[in-house]
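Structure assessment
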Amino acid sequence: MDDMAPTSEPLGYASAAYARSLQHVGAPIALPASGGWMLRRAIPGADAEDACGPYPLLSVERPSQLGEDFAGLPREVVSVTAVVDPTCGAGESDLRAAFPDHLIAFKEHFVVELDAPPLERATAHHRRDARRGLRRVEVERVPLRGAFLEDWVALYGHLIERHGIEGPAAFPRESFERLRDVPGLVAYRASIAGETVGGQLWLVAGERASYHLAATNRAGYSEGAAYALMARALEDLEWSNVGESA
């Protein structure tokens, strides 16, 4: 059972459903003031717990209230760590108030503005690879259910094995079964002659679309499925209602 219930249901990374999809990491705990979720975990060898942000980003609706939420966490939770979504509107003052002990810049995030055809802004190299991929594979927007769920679990399993992925990103099947019900999930399938060769998942909240996960098999890699998936997704999210889930 979750520790608290949020006052409303946000979309994408900030949703309760997304937090529940990460139960292989920890137990969901609501942040009712800021409108997001954390995951609480036992600290090995200690009679205490820590709270971490959902993988890969902690996204909230009211970042100025993060400090209030952290102050109200159960006393058993003795530390909090998170990578805050750079698109959720959190300012430096919000983050310093929420994380007074240690705050650093983590990674660069690249943003594509969807108010113009995205491929027009890509490099000539990427435009060439995207066109090549789109000629060789078919890309369609699909639900993460049924046959595509099975295909996706297999694709991601190969990715885990090939790259030795461990930790929160080593999603078990149960995580994807829960992910399919996350509000704002959008999935794309790449296929050749009806056979799935790749997939890509996005999480959408309002006008923000976050590139979540992608995987291809050997056939998809050799035919440029990754480029085709990205090109189709960016074009689709540019003209469609990005709040709509597949």
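Here the residue numbering is sequential within each chain, running from 1 through the sequence in written order. Reporting of local features is limited, given that this is a predicted model, to residues whose pLDDT is at least 70; pairs of side-chain atoms are given and counted only at 80 or more, and all residues count toward the totals for whole chains, interfaces and linings. For side-chain calculations, the full set of non-hydrogen atoms in the structure is used, while hydrogens and water are omitted.

**Section: the confidence of the model for the protein chain**
Of all residues in the protein chain, 93% attain a pLDDT of 70 or more, and the chain-wide mean is 90. In the predicted structure, residues 1–7 sits below a pLDDT of 50 and forms 13 contacts with residues beyond four places in sequence or in another chain. Summary of the metric used: pLDDT quantifies the predictor's per-residue confidence within the range 0 to 100. Whether two residues touch is decided by their heavy atoms; if any such pair falls within 4.5 Å, the residues are in contact. Under a pLDDT of 50 for its full length, residues 241–246 has, in the predicted model, 19 contacts with residues more than four places off or in other chains.

**A word on helix H5 (residues 146–163)**
Because an α-helix completes one turn every 3.6 residues, residues spaced three or four positions apart along the sequence face the same direction. Labels follow the DSSP assignment, with helices taken as runs of H or I lasting at least four residues and strands as runs of E lasting at least two, numbered in each case from the N terminus. One less than the number of residues in a helix, times 1.5 Å, gives the span that helix is expected to have. With 18 residues, H5 ought to run about 26 Å at 1.5 Å a step, and its terminal C-alpha atoms sit 26 Å apart, in line with that. For the exposure calls, accessible area comes from a 1.4 Å probe over protein chains only, and a residue counts as buried if that area is under 20% of its type's maximum, exposed if over 50%, partly exposed in between. Buried within H5 we find Phe 148, Leu 149, Trp 152, Leu 155, Tyr 156, Leu 159 and Ile 160. End-on view of H5: buried residues confined to an arc of 140°, all on one side of the axis. Opposite the packed face of H5, turned more than 90 degrees from it, sit the exposed residues Ala 147 and Glu 161. Summarising the contacts, the buried residues of H5 are in contact with strand S5 (138–142), helix H6 (173–179), strand S6 (185–192), strand S7 (195–205) and strand S8 (208–216). Positioned one or two residues after H5, Gly 164 has a phi angle of 60°, which is positive. Here the arc refers to the set of directions running from the helix axis out to each C-beta atom.

**Side note on the packing of aromatic side chains**
Ring pairs shown here join Phe, Tyr and Trp side chains whose ring centres sit within 6.5 Å, with only the six-membered ring taken for Trp; geometry is labelled stacked below 30 degrees between planes, edge-to-face above 60, and tilted in between. This structure, assessed with the given rule, holds nine aromatic pairs. Their ring planes at 70° and their centres at 5.1 Å tell us that Tyr 13 and Tyr 18 sit as a pair that is edge-to-face. Taken as a pair, Tyr 13 and Tyr 18 share a single burial class, namely buried. The interplanar angle of 50° and the centroid separation of 5.6 Å between the aromatic rings of Phe 171 and Phe 176 together place this pair among those described as tilted. By relative accessible area, which is 6% here, Phe 171 ends up buried. Taking the relative accessible area as the measure of exposure, Phe 176 reaches 2% and is therefore buried.

**Here we look at the sheet that holds strand S1 (residues 27–31)**
Being paired, for any two strands, means DSSP has found at least two bridges between them. Pairing within the open sheet is mixed, and its four strands lie in the order S1-S2-S3-S4. The open sheet has two edge strands, S1 and strand S4 (77–81), and neither has a second partner. Direction aside, the axes of adjacent strands within the sheet are offset by 30° on average. Where S1 and strand S2 (residues 36–42) come together, five bridges link them in antiparallel fashion. Angles here are taken between N-to-C directions and fall from 0 to 180 degrees, while the axes themselves are lines fitted to C-alpha atoms, restricted in helices to the stretch in contact.

**A look at the sheet that holds S5**
The antiparallel open sheet is built from four strands, whose spatial order is S5-S6-S7-S8. Each edge of the open sheet is held by one strand with a lone partner, namely S5 and S8. Taken pair by pair, the neighbouring strands of this sheet meet at an average axis angle of 20°, ignoring direction. In this structure, S5 lies alongside S6, joined through five bridges in antiparallel fashion. Each residue of the ladder has a partner; that of Val 142, found in S6, is Ala 187.

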